[in-house]
Amino acid sequence: MGFGDNTRASLITRGLAETARLGEALGADPMTFAGLAGLGDLVATCSSPLSRNRTFGERLGRGESLEQARAAVRTTAEGVQSCRSVLELARRVGVDVPITEGVVRVCHDGLAATRLVPALMGRGLKDERPVTA
């Protein structure tokens, strides 16, 4: 969608905080998410042209429908299916997950991706540290 590195860094940072909050609410050590399975995977997913989720998301960002993106990518983008389950889990344990909510809205509720990023970036500032930090 033409956003730059700062927007990507903001989404990665907020995504890491979101993931760590949910993990901590489920009993994980939030520092676990600072390692390869957390931050490492998030950076690779958001930065690598080989990432299926990134490729799929870029297509949605260019205005393709879910069906068009699925047909073009032809491999499983796990986030499309798992985002609903993650959102249900977060709601069950009372964790705010605005990025996940936005992904669900884009993938399953018809929200244009071009409307999601500005809404996420326009959110008010607040403490994004894990609950016990």
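Residues numbered from 1 in each chain as written. Predicted model: local features only at pLDDT ≥ 70, side-chain atom pairs only at ≥ 80, totals over all residues. Heavy atoms only, no water.

Peer 1: Give a description of the overall build of the protein that names residues and reports values.
Peer 2: Helix and strand counts for the protein stand at seven helices and zero strands. Projected onto its principal axes, the C-alpha positions of the protein cover 40 × 30 × 25 Å. Long-range contacts, defined as pairs at least 24 residues apart, comprise 60% of the intrachain contacts of the protein with a sequence gap of at least 6. Carbon and sulfur atoms make up 55% of the accessible area of the protein, which amounts to about 8100 Å² in all. (Helix = DSSP H or I, 4+ residues; strand = E, 2+ residues; numbered from the N terminus. Contact = heavy atoms within 4.5 Å. Areas by Shrake-Rupley, 256 points an atom, 1.4 Å probe, with all protein chains shown as cover.)

Peer 1: Which residues make up the nonpolar core, and what are the values?
Peer 2: Core analysis: the biggest nonpolar cluster contains 14 residues, and Phe56, Leu60, Leu66, Val80, Val106, Cys107 and Leu116 have the highest contact counts within it. Going through the elements one at a time, helix H3 (52-61), helix H4 (66-73), helix H6 (98-108) and helix H7 (113-121) are the ones with two or more residues in this core. The residues touching leucine 66, leaving out its near neighbours within four places in the chain, are Phe56, Leu60, Val80 and Cys107. In terms of nonpolar packing, the next biggest core, distinct from the first, is built from seven residues, Leu22, Ala90, Val95 and Val97 among them. (Core = buried A, V, L, I, M, F, W, Y, C linked by side-chain atoms within 4.5 Å. Buried < 20%, exposed > 50% of the residue type's maximum accessible area, 1.4 Å probe, protein only.)

Peer 1: Give a description of the pattern of salt bridges that names residues and reports values.
Peer 2: Per the counting criterion, the structure on display carries three salt bridges. Glutamate 78 is paired through a salt bridge with arginine 52; the nearest N and O atoms lie 2.2 Å apart. A residue pair is termed long-range when its members are at least 10 positions apart, and glutamate 78 in helix H5 (residues 78-93) and arginine 52 in helix H3 qualify at 26 residues. Taking the relative accessible area as the measure of exposure, glutamate 78 reaches 35% and is therefore partly exposed. With a shortest N-O distance of 2.5 Å, glutamate 64 and arginine 59 are connected by a salt bridge. Owing to a relative accessible area of 22%, arginine 59 belongs among the partly exposed residues under this scheme. (Salt bridge = Lys/Arg side-chain N within 4 Å of Asp/Glu carboxyl O.)

Peer 1: Tell me about the layout of surface pockets, residues and numbers included.
Peer 2: Size it by volume and the largest pocket reaches roughly 1600 Å³. Considering the residues around the largest pocket, the lining is formed by 45 residues, among which Thr45, Cys46, Asn53, Ile99 and Val103 are closest to the centre. At the level of secondary structure, the elements contributing two or more residues to the lining of the largest pocket comprise helix H1 (5-25), helix H2 (36-47), H3, H5, H6 and H7. Broken down by element, the lining of the largest pocket gets its largest block of residues, nine residues, from H1. Within this model, the second largest pocket holds a volume of roughly 170 Å³. Residue lining of the second largest pocket: Leu60, Gly63, Glu64, Ser65, Leu66, Val106, Cys107, Gly110, Leu111, Ala112, Ala113 and Thr114, and that is the complete set. Taken together, the residues of the lining of the second largest pocket sort by class into seven nonpolar, four polar and one charged. (1 Å grid on protein atoms, 1.4 Å probe; cavity = no way out; pocket = protein on both sides within 12 Å on 5 of 7 lines; lining within 4 Å. Points joined across faces, edges and corners; volume = space filled by probe spheres on them. Nonpolar A, V, L, I, M, F, W, Y, C, P; charged D, E, K, R; others polar.)

Peer 1: Give me the lowdown on the environment of arginine 14, citing residues and values where you can.
Peer 2: Its location among the elements puts arginine 14 in helix H1. The exposure class assigned to arginine 14 is buried, which follows from its relative accessible area of 17%.

Peer 1: Can you break down H4 residue by residue, with the values?
Peer 2: Burial in H4 covers these residues: Leu66, Ala69 and Val73. Along H4, the residues classed as buried sweep out an arc of 65° about the axis, all on the same side. Exposed side of H4, more than 90 degrees from the buried face: Glu67 and Ala71 are the residues found there. For H4, the elements touching its buried residues are H3, H5 and H6. (Arc of directions from axis to C-beta.)

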